[in-house]
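A look at the structure
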Amino acid sequence: MSNLFDLSDKVIAITGAAGVLAGGTAKYLQEQGAYVIYLDLFEEVVDKTVEEAKKISDKCCGYACNVLDQTALDAVYEKLMANLGRLDVLINGAGGNMPGATIGPDQDVFDLKIEAYSKVLDLNLKGTVMPTMTFAKAFKAQKSGCVINFSSMSATQALTRVLGYSNAKAAIDNFTRWMATEMAVKYGDKVRVNALAPGFFIGNQNRALLINEDGSFTERGQQVINKTPFRRFGEQHEVYGTIHFLISEAAAFVSGVIIPVDGGFSAYTGV
Ligand SMILES: NC(=O)c1ccc[n+]([C@@H]2O[C@H](COP(=O)([O-])OP(=O)(O)OC[C@H]3O[C@@H](n4cnc5c(N)ncnc54)[C@H](O)[C@@H]3O)[C@@H](O)[C@H]2O)c1
């Protein structure tokens, strides 16, 4: 039997590819021999990211592309199809919470500004739905392809202070199942849609919420650790294997699932 985990002929587009988890994953997948298309907000950042990625191999390119801008998404999709002729995988990595949408320690839900709530809903939900509706057209045409979404622990359990983010990630779980069904029923069993739900990884968006400047945990950071049986935060590279599995032939009969990568957080009551 051939190597079920071989990625060497895969063409993979990744949004948020200058970020921590999606960016690290993009480089890892390129190291495994895949051709990787790096997509992120700003041209300067994308250029720098691709310059770094070229040190791994020539099998990469990048485009500035706002996941909420349909014109930009269409333009990238057309360039991609013209230059590479096909796409095998879309990883929707752009997303995250926004400071304005976090309910402060001395506030409650009634202080939350609906504009900030809407922005975070848009980035995390529409910012996954719009690229999927654009790039998965290739999967419809090819009758093969794979989408990976990023959910979160906040999708299924109440995570205080981040209402919009939580609502959006719950909708990502639903969208993952919905789209997995739609694609398989209409285009066959070679089109799969799955997600991973990372636990707590230190990144740009949550560092200040979880870790003090002196390296000790904030009260919230300590609460997270107390509910994580591994008693630590995740390390960036610990999401790579789950994504590798989900996009490989090893997961050929897997669609519509959301895999927690969380050191046991979702399994544990905390007691
Ligand atoms: N870090 C964690 O602990 C954690 C936990 C659970 C889920 N997640 C999810 O994983 C995903 C990646 O998170 P991360 O921590 O690597 O985030 P990150 O902030 O490091 O990266 C996000 C990237 O998305 C880009 N981006 C933001 N808005 C964009 C837009 N409109 N168009 C295109 N790109 C845009 C940013 O420029 C950034 O490079 C997110 O969906 C996040 O919600 C992260």
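Residues numbered from 1 in each chain as written. Predicted model: local features only at pLDDT ≥ 70, side-chain atom pairs only at ≥ 80, totals over all residues. Heavy atoms only, no water.

**Let's talk about the packing of aromatic side chains**
Our working rule: Classification of ring pairs uses Phe, Tyr and Trp, with its six-membered ring standing for Trp, and accepts pairs whose centres are within 6.5 Å; under 30 degrees between planes counts as stacked, over 60 as edge-to-face, and the remaining range as tilted. Segments assigned H or I by DSSP are reported as helices when at least four residues long, segments assigned E as strands when at least two residues long, and all are numbered from the N terminus. In this scheme, a residue with accessible area under 20% of its type's maximum is buried, one over 50% is exposed, and one in between is partly exposed, where area comes from a 1.4 Å probe on protein chains only. Consider the ring centre and the ring normal. A charge sits over the ring if Lys NZ or Arg CZ is within 6 Å of that centre and within 35 degrees of that normal.
This structure, assessed with the given rule, holds four aromatic pairs. For the ring pair Phe-200 and Phe-265, a centre distance of 5.1 Å and an interplane angle of 50° mean the geometry is tilted. With a gap of 65 residues between them, Phe-200 in the loop between strand 6 (191–198) and helix 7 (207–210) and Phe-265 in the segment after strand 7 (258–261) connect regions that are remote in the sequence. By the burial criterion, Phe-200 is buried, and Phe-265 matches it. Against the face of Phe-265 rests Lys-227, its NZ or CZ located 4.2 Å from the ring centre.

**Observations concerning the site of the ligand**
The following threshold applies: Proximity criterion: a residue is near a molecule or strand once any of its heavy atoms comes within 4 Å of it. We define a polar contact as two N or O atoms separated by no more than 3.5 Å, with the added condition that, inside protein, one atom must be a possible hydrogen donor and the other a possible acceptor, whereas residues neighbouring each other in sequence contribute only through side-chain atom pairs. In these tables, accessible area is a Shrake-Rupley quantity obtained with a 1.4 Å probe, and a residue counts as shielded only by the protein chains included in the view. A 1.4 Å probe that fits into a set of points on a 1 Å grid over the protein atoms alone but cannot get out defines a cavity; an open set with protein on both sides within 12 Å along at least five of seven lines defines a pocket, and lining residues are those with an atom within 4 Å of a point. To decide whether a molecule occupies a pocket or cavity, check its atoms: if more than half lie within 2 Å of the grid points, it is inside. Throughout this entry, Asp, Glu, Lys and Arg are counted as charged residues, while Ala, Val, Leu, Ile, Met, Phe, Trp, Tyr, Cys and Pro are counted as nonpolar. The remaining residues, Gly among them, count as polar.
Close contacts around the ligand come from 27 residues, with Val-20, Leu-21, Asp-40, Tyr-165 and Gln-205 the closest. Note that an oxygen atom of the ligand is positioned 2.9 Å from one of the side-chain N or O atoms of Lys-169. Summarising the interface, the protein chains cover 88% of the accessible area of the ligand, which totals 840 Å² for the free molecule. Applying the majority rule of atoms within 2 Å of the grid points places the ligand in the largest pocket. Of the residues in the shell around the ligand, the class split is 13 nonpolar, 12 polar and two charged.

**Brief notes about the side chain of Ser-151**
When you line up the elements, Ser-151 lands in the loop between strand 5 (145–150) and helix 6 (163–187). Here Asp-173 takes part through its side chain, which lies 2.6 Å from a polar atom of the side chain of Ser-151.

**Some points on helix 2 (residues 43–53)**
Put simply, the rule reads: Each C-beta atom gives one direction from the helix axis, and the arc is the one those directions make. In what follows, residue pairs with any heavy atoms lying within 4.5 Å of each other are defined as contacts.
Among all positions in helix 2, only Val-46, Thr-49, Val-50 and Ala-53 are buried. Along the axis of helix 2, the buried positions cluster into a sector of 95°, meaning they face one direction only. Exposed and facing more than 90 degrees away from the buried side of helix 2 are Glu-44, Lys-48 and Glu-51. On the buried face of helix 2, the contacting elements are helix 1 (21–31), strand 2 (35–40) and strand 3 (60–64).

**With respect to the packing of helix 3 (residues 70–84) against helix 4 (residues 114–135)**
Test applied: An axis is simply a line fitted to the C-alpha atoms; with a helix, the fit covers only the stretch in contact. Between two such axes, the angle follows the N-to-C directions and lies from 0 to 180 degrees. Helix crossings get a hand from a simple test, with the near helix turned counterclockwise from the far one by less than a right angle marking a left-handed crossing and a clockwise turn marking a right-handed one.
Their axes nearest at 10 Å, the elements helix 3 and helix 4 cross at an angle of 35°. Taken as a pair, helix 3 and helix 4 cross one another with a handedness that is right-handed. Residue-level inspection shows Gln-70, Leu-73, Asp-74, Val-76, Tyr-77 and Leu-80 of helix 3 in contact with helix 4, the latter providing Met-130, Pro-131, Thr-134 and Phe-135. Here the contact of helix 3 with helix 4 is built from residues that sort into seven nonpolar, two polar and one charged.

**Some words on the confidence of the model for the protein**
A low pLDDT score tells you not to read the predicted coordinates there in detail. Selection rule: The pLDDT value tells you how sure the predictor is about a given residue, anywhere from 0 up to 100.
Of the residues in the protein, 100% have a pLDDT of 70 or more, and the chain-wide mean is 97. Mean pLDDT across the elements of the protein ranges from a minimum in helix 7, with 88, to a maximum in strand 4 (residues 89–92), with 99.

**Brief notes about the layout of surface pockets**
Where we set the bar: Grid points are joined across faces, edges and corners, and a volume is the space filled by probe spheres set on the points.
Empty space within the largest pocket amounts to approximately 1,300 Å³. Lining the largest pocket are 49 residues, and of these Gly-95, Gly-96, Asn-97, Tyr-165 and Gln-205 sit closest to its centre. For the lining of the largest pocket, the secondary-structure elements that each account for two or more residues are helix 1, strand 2, helix 4, helix 6 and helix 7. For the lining of the largest pocket, the element with the highest residue contribution is helix 7, accounting for four residues. The class makeup of the residues in the lining of the largest pocket is 27 nonpolar, 16 polar and six charged. Counted as a void, the second largest pocket has a volume near 240 Å³. If you trace the second largest pocket, you find 13 residues lining it, with Lys-10, Ser-144, Lys-190, Arg-192 and Glu-249 closest to the centre.

**Some words on the environment of Lys-140**
You can see Lys-140 is positioned in helix 5 (residues 137–142). With a relative accessible area of 44%, Lys-140 lands in the partly exposed category. In this structure, Lys-140 is in contact with Met-183 and Tyr-187, ignoring residues within four places of it in sequence.

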